[in-house]
Amino acid sequence: MRLVAGDSSSPQLVLGPHPVDDDVIIRALHPDATSAECVSYDGAIVPMTQIADGGLFEARLEQAPPAPRYRLRFHLSNGAVWEGEDPYRFPSAVGAIDRYLFAEGTHRRLWECL
């Protein structure tokens, strides 16, 4: 899988939350993780299932809102635990005009969208 190999040009198509019917599928990647959990802001913990070698995990949140608030918790092989925000949970702040001006080399306020 190109995503696990670090060769994907569009990781947001796989990672982060994806609405499916009334549920939300959340996918996350951490190459050093042996297990993962999705921790909602109300304290609920949903174990994630490893769906591919290389640390790709998935969880299904039933009856979740289209943009759920959650954090990711990864358990590493050395016993360490890492918890943090899922960067793919947030929409991109870079719009079409920003991309156009950046490619043109005339964007004068690029720091505001990055």
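Above this note sits the structure.
Presented here is a report on the structure given in the accompanying data block. For clarity, every value in this text was computed on a predicted model and none was experimentally measured.

Quick notes on the rules
- Residues numbered from 1 in each chain as written.
- Predicted model: local features only at pLDDT ≥ 70, side-chain atom pairs only at ≥ 80, totals over all residues.
- Heavy atoms only, no water.
- Salt bridge = Lys/Arg side-chain N within 4 Å of Asp/Glu carboxyl O.
- Helix = DSSP H or I, 4+ residues; strand = E, 2+ residues; numbered from the N terminus.
- Buried < 20%, exposed > 50% of the residue type's maximum accessible area, 1.4 Å probe, protein only.

All right, on to the pattern of salt bridges then. With the rule as written, the count across this model stands at eight salt bridges. Note that R27 and E58 form a salt bridge whose closest N and O atoms lie 2.8 Å from each other. Here R27, found in strand β2 (residues 23-29), pairs with E58, found in strand β5 (residues 56-61); they are 31 residues apart in sequence, far enough to count as distant. You can call R27 partly exposed: its relative accessible area is 21%. As a salt-bridge pair, R89 and E85 come within 3.0 Å of each other at their nearest N and O atoms. According to the relative accessible area criterion, R89 is buried, its value standing at 17%. Counted as one network, the salt bridges with shared partners bring together E37, R71, R73, E83, E85 and R89.

Keep in mind these values describe shape, not function.
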